[in-house]
Amino acid sequence: MNKLTVKQIKQILDGTTNIEDPIIKKCEDDDRKGVHQLLTRWLKQQEEHHTQQQLFIEMSTYEQSLYKQGYNSIAGIDEVGRGPLAGPVVAAAVILPKDFYLPGLNDSKKLSFKKREYLYDYIMEHAVATSIGIVSAQKIDEINIYQATKYAMKQAIEDLNVQPDFLLIDAMELSTDLPQLSIIKGDSKSIAIAASSIVAKVTRDRIMINLAEEFPQYQFEKHMGYGTKEHMTALQQFGVTREHRKTFSPVRETLEMVSEV
């Protein structure tokens, strides 16, 4: 065993997921601290991967049940951006293939920026179909945020290039002829809804980051339009932009004191 360097052992461990692999026993018997650290890290990674596998299986329950009932194109629907003071509300519709497998898939709010970006790319590459619905701040002010959310969801469904035969929707019911199921906290209970939450979240974040270049004083790239202390300070100092929701209380009050940017 001592003929192998710690670096070589790391390469071997990186290439296996089998707890019965002889390298595991050899690592346990090795007296080098670096080897034991590698083994501890490997065991933790395997445990995490197993946890993600189990979660994925649990979150596939709705989809698997619908497949058994004869449905083939199940669209997950979710939105982001109902709460912010600025920016659009964005909905996504995602149809996953029956054999889709992506451990680590979860509610976008529970994931890091880096993890969301990775999962987004994977979903966009492997999904049967994806679509986005975007409703501007101006439209939100016109029809209210609840109706705007429904509007964005319907837009996303209508723009899919594959016709869904069933809708799994996060905590919302839509007026449509398609059969549907509304699931409370669906983004943590359904892989299709979780996938749509990630697509919607990444899409909206990118919109807000682009808006930050146009309105740098508001730091949209940091708070994504939510009512943080920094955002409220900027509102009071620089006024209201066209991207702010003027019917939302803090913005409405600010309009009474300052002019629109």
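Throughout what follows, the structure given in this document is the object of discussion. What you see is a predicted model; the values in this text were computed from it and never measured. (Residues numbered from 1 in each chain as written. Predicted model: local features only at pLDDT ≥ 70, side-chain atom pairs only at ≥ 80, totals over all residues. Heavy atoms only, no water.)

1. With respect to the overall build of the protein
What counts, and what does not: Only DSSP runs of H or I with at least four residues qualify as helices, and only runs of E with at least two residues qualify as strands; both kinds are numbered from the N terminus onward. As a reference, a globule follows 2.2 Å times the number of residues to the power 0.38, and the radius of gyration itself is taken over C-alpha atoms. Any pair of residues with heavy atoms lying within 4.5 Å of one another is described as a contacting pair. In this tally Asp and Glu are treated as negative and Lys and Arg as positive; neither His nor the chain ends contributes. To locate a charge, the coordinates of NZ of Lys, CZ of Arg, CG of Asp or CD of Glu are taken.
Helices and strands together make up the secondary structure of the protein, namely 11 helices and five strands. In terms of overall size, the protein is more extended than a compact globule, its C-alpha atoms giving a radius of gyration of 23 Å where 261 residues would be expected to give roughly 18 Å. In terms of its C-alpha atoms, the protein occupies a principal-axis envelope of roughly 75 × 50 × 25 Å. Long-range contacts, defined as pairs at least 24 residues apart, comprise 63% of the intrachain contacts of the protein with a sequence gap of at least 6. For the protein, the distance from the average site of its 31 positive side-chain charges to the average site of its 36 negative ones is 5 Å.

2. Notes on the packing of aromatic side chains
Worth spelling out the cut-off: Centre distance within 6.5 Å is the pairing criterion for rings of Phe, Tyr and Trp, where only the six-membered ring of Trp is used; planes under 30 degrees apart are then read as stacked, over 60 as edge-to-face, and the remainder as tilted. Burial here depends on accessible area, computed with a 1.4 Å probe over protein chains only, as a share of the maximum for the residue type. Under 20% is buried, over 50% is exposed, and the range in between is partly exposed. We call a charge positioned above a ring when the Lys NZ or Arg CZ atom is no farther than 6 Å from the ring centre and deviates by at most 35 degrees from the ring normal.
Scanning all chains against the criterion turns up seven aromatic pairs. Seen from their ring centres, phenylalanine 56 and tyrosine 101 are 5.1 Å apart, and the 80° between their planes marks the pair as edge-to-face. In this pair, phenylalanine 56 sits in helix 3 (residues 33–59) while tyrosine 101 sits in the loop between strand 2 (89–95) and helix 5 (113–126), placing the two residues 45 residues apart along the sequence. Judged by its relative accessible area of 5%, phenylalanine 56 falls in the buried class. With a relative accessible area of 37%, tyrosine 101 lands in the partly exposed category. When the ring of phenylalanine 215 is compared with that of phenylalanine 220, the centres are 6.5 Å apart and the planes differ by 75°; the resulting orientation is edge-to-face. Of the two residues, phenylalanine 215 and phenylalanine 220, both sit in the buried class. Lysine 139 extends its terminal NZ or CZ atom over the ring of tyrosine 151, reaching a point 5.5 Å from the ring centre.

3. Some words on the packing of helix 1 (residues 6–14) against helix 2 (residues 22–29)
Selection criterion: A fitted line through C-alpha atoms represents every axis, and for helices the fit uses only the stretch in contact; the resulting angles, taken between N-to-C directions, go from 0 to 180 degrees. In this scheme the handedness of a crossing depends on how the near helix is turned from the far one: anticlockwise by less than a right angle means left-handed, clockwise means right-handed.
Running from N to C, helix 1 and helix 2 cross one another at 145°; their axes reach a closest spacing of 10 Å. When the axes of helix 1 and helix 2 are compared, the crossing they make is left-handed. Residues Ile9, Ile12 and Leu13 of helix 1 touch helix 2, and the partners they reach there are Ile23, Ile24 and Cys27.

4. A word on the sheet that holds strand 2
Selection criterion: Paired strands, in this sense, are two strands between which DSSP finds at least two bridges.
Taken together, the five strands give an open sheet; going across it, the order is 3-2-1-4-5, and neighbouring strands pair in mixed fashion. Both outer strands of the open sheet, strand 3 (129–135) and strand 5 (180–183), are each paired with one neighbouring strand and no more. Recorded for the sheet is a direction-independent mean angle of 20° between the axes of neighbouring strands. Of the pairings in the sheet, the one linking strand 2 to strand 3 comprises seven bridges and is antiparallel in character. Paired with alanine 93 across the two strands is serine 131, which belongs to strand 3. Across the face of the sheet, helix 8 (residues 191–214) comes into contact with strand 1 (74–80), strand 2, strand 3, strand 4 (166–170) and strand 5 while running at roughly 40° to strand 1.

5. Overview of the pairing of strand 2
Most of strand 2 is tucked away: seven of the seven residues are buried. Here strand 2 shows no split at all, with Val89, Ala91, Ala93 and Ile95 on one side and Val90, Ala92 and Val94 on the other all buried. Sheet topology note: the strand 1/strand 2 ladder contains six bridges and is antiparallel. Looking at strand 2, one finds that isoleucine 77 is bridged to alanine 93.

6. Focus: the nonpolar core
How we decide: Buried Ala, Val, Leu, Ile, Met, Phe, Trp, Tyr and Cys residues form a nonpolar core when they are joined through side-chain atoms within 4.5 Å.
If you look at the biggest cluster of nonpolar residues, it comprises 26 residues, and the most contacted ones within it are Ile77, Ile140, Met153, Leu167 and Ile169. Of all the secondary structure elements, the ones that give two or more residues to this core are strand 1, strand 2, strand 3, helix 7 (145–158) and strand 4. Broken down by element, this core gets its largest block of residues, six residues, from helix 7. Dropping the residues within four chain positions of it, isoleucine 77 is found in contact with Ala92, Ala93, Met153, Ile157, Leu167, Leu168, Ile169, Asp170, Ile193 and Ser196. Formed by 22 residues, the second largest nonpolar core is a distinct cluster that contains Leu111, Tyr120, Ala127 and Ala194.

7. Regarding the environment of glutamate 79
Assignment of secondary structure puts glutamate 79 in strand 1. The buried category is assigned to glutamate 79, whose relative accessible area is 15%. Along the primary structure glutamate 79 and glycine 133 are separated by 54 residues, whereas in three dimensions their C-alpha atoms are 8.8 Å apart. Contacts of glutamate 79, omitting those with residues within four sequence positions, involve Val89, Val90, Ala91, Thr149 and Met153.

8. Observations concerning the side chain of glutamate 63
The line we're drawing: When a carboxyl oxygen of Asp or Glu lies within 4 Å of a side-chain nitrogen of Lys or Arg, that pair is called a salt bridge. Polar contacts, as counted here, are pairs of nitrogen or oxygen atoms within 3.5 Å of one another; within protein the pair requires one atom able to donate a hydrogen and one able to accept it, and residues that are adjacent in sequence qualify only if both atoms are side-chain atoms.
Tracing the chain through its elements places glutamate 63 in helix 4 (residues 61–68). Within the buried core, glutamate 63 has no salt-bridge partner, and the shortest N-O distance to an opposite charge, that of lysine 68, equals 12 Å. There is a polar contact of 2.5 Å between the side chain of glutamate 63 and the side chain of serine 190. A polar atom in the side chain of glutamate 63 sits 3.3 Å from the backbone nitrogen of isoleucine 191. Once you skip the residues sitting within four places of it in the chain, glutamate 63 turns out to touch Ile74, Leu168, Ser190, Ile191 and Ala192.

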